[in-house]
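Coordinate inspection notes
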Amino acid sequence: MGNLDCCMSEEHLPVTNERLEWAVRKMDPKEVQACLEAGLDVNMPIDRQGHTIMDIFVVEHQHMLKKCQTNRGRPEDQTRLFCEMQESAAQVLRQLRGAGAVMSAQSAALRRGV
């Protein structure tokens with residue numbers, strides 16, 4: 001009975017901080033915008049350590065850059081993929097900053113992997 005979410009399209013799912021976190025991890029500007037328009041607080045802690053969504057953005061952006069460096073393929077395809085990923089990340093960053101997002105005081109620990 002509790003598995004209804006798997007049958008619903010994303011636009012019908014409730015707008016939650018978890019949904020915003022997922023959108024930032026996927027660098028999905030459209031979904032991030034939908035969450036922000038619903039009024040989510042971008043500086044609300046997402047875990048018990050007090051990390052914010054901006055901390056997640058930083059970590060995911062680092063992962064994205066590492067992934068671009070390790071992917072194999074034609075240089076033209078790799079360059080195109082890198083540019084597309086960077087554009088998505090830049091859009092998400094502009095949206096988050098436009099909503100007043102800031103990094104937490106705990107962000108240094110998050111970057112170290114703690």
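Everything that follows concerns the structure shown earlier in this document.
What you see is a predicted model, and the numbers here were worked out from it, not measured in a lab.

1. Thoughts on helix α4 (residues 75–98)
The end-to-end C-alpha separation of α4 is 34 Å, in line with the 34 Å expected for 24 residues at 1.5 Å each. Within the sequence span of α4, burial applies to Q78, M85, A89, V92, Q95 and L96. Packing partners of the buried residues in α4 comprise α1 (17–25), α2 (29–37) and α3 (53–70). G100 lies just past α4 and shows a positive phi near 90°.

2. Description of the nonpolar core
Judged by nonpolar contacts, the single largest core of 20 residues is most densely connected at L20, V24, V32, F57 and L96. Taken together, the elements giving at least two residues each to this core come down to α1, α2, α3 and α4. If you tally residues by element for this core, the top one is α3, at six residues. Beyond its immediate sequence surroundings of up to four residues, V32 is in contact with L20, A23, V24, V92, Q95 and L96.

3. Looking at the packing of α3 against α4
Between α3 and α4, the least distance of the axes is 11 Å, while the angle of their chain directions is 175°. In terms of axis orientation, α3 runs roughly antiparallel to α4. Residue-level contacts link I53, M54, F57, H61, M64, L65 and C68 of α3 to Q78, F82, M85, Q86, A89, V92, L93, L96 and R97 of α4. Considering only residue class, the contact of α3 with α4 consists of 12 nonpolar, three polar and one charged.

So, how was this worked out
- Residue numbers here run from 1 along each chain, matching the order of that chain's written sequence.
- The predicted origin of the model limits local features to residues at a pLDDT of at least 70 and limits the giving and counting of side-chain atom pairs to 80 or more, whereas totals for whole chains, interfaces and linings rest on all residues.
- The side-chain values count all of the structure's non-hydrogen atoms but skip hydrogen atoms and water molecules.
- Think of it this way: any DSSP run of H or I at least four residues long counts as a helix, any run of E at least two long counts as a strand, and we number them from the N terminus.
- Residue count minus one, scaled by 1.5 Å, sets the expected span of a helix.
- Buried means the residue's accessible area, taken with a 1.4 Å probe over protein chains only, is under 20% of the maximum for its type, while exposed means over 50%, and partly exposed covers the values in between.
- Throughout, a contact is declared for two residues whenever any of their heavy atoms are within 4.5 Å.
- Take the buried Ala, Val, Leu, Ile, Met, Phe, Trp, Tyr and Cys residues and link them wherever side-chain atoms come within 4.5 Å; each set so joined is a nonpolar core.
- Fitting a line to C-alpha atoms yields each axis, with helices limited to the stretch in contact; the angle taken between N-to-C directions then spans 0 to 180 degrees.
- Orientation labels follow simple angle bins: below 35 degrees gives roughly parallel, above 145 gives roughly antiparallel, 65 to 115 gives roughly perpendicular, and whatever is left gives oblique.
- Residues are grouped as follows: Ala, Val, Leu, Ile, Met, Phe, Trp, Tyr, Cys and Pro are nonpolar; Asp, Glu, Lys and Arg are charged; every other residue, Gly included, is polar.

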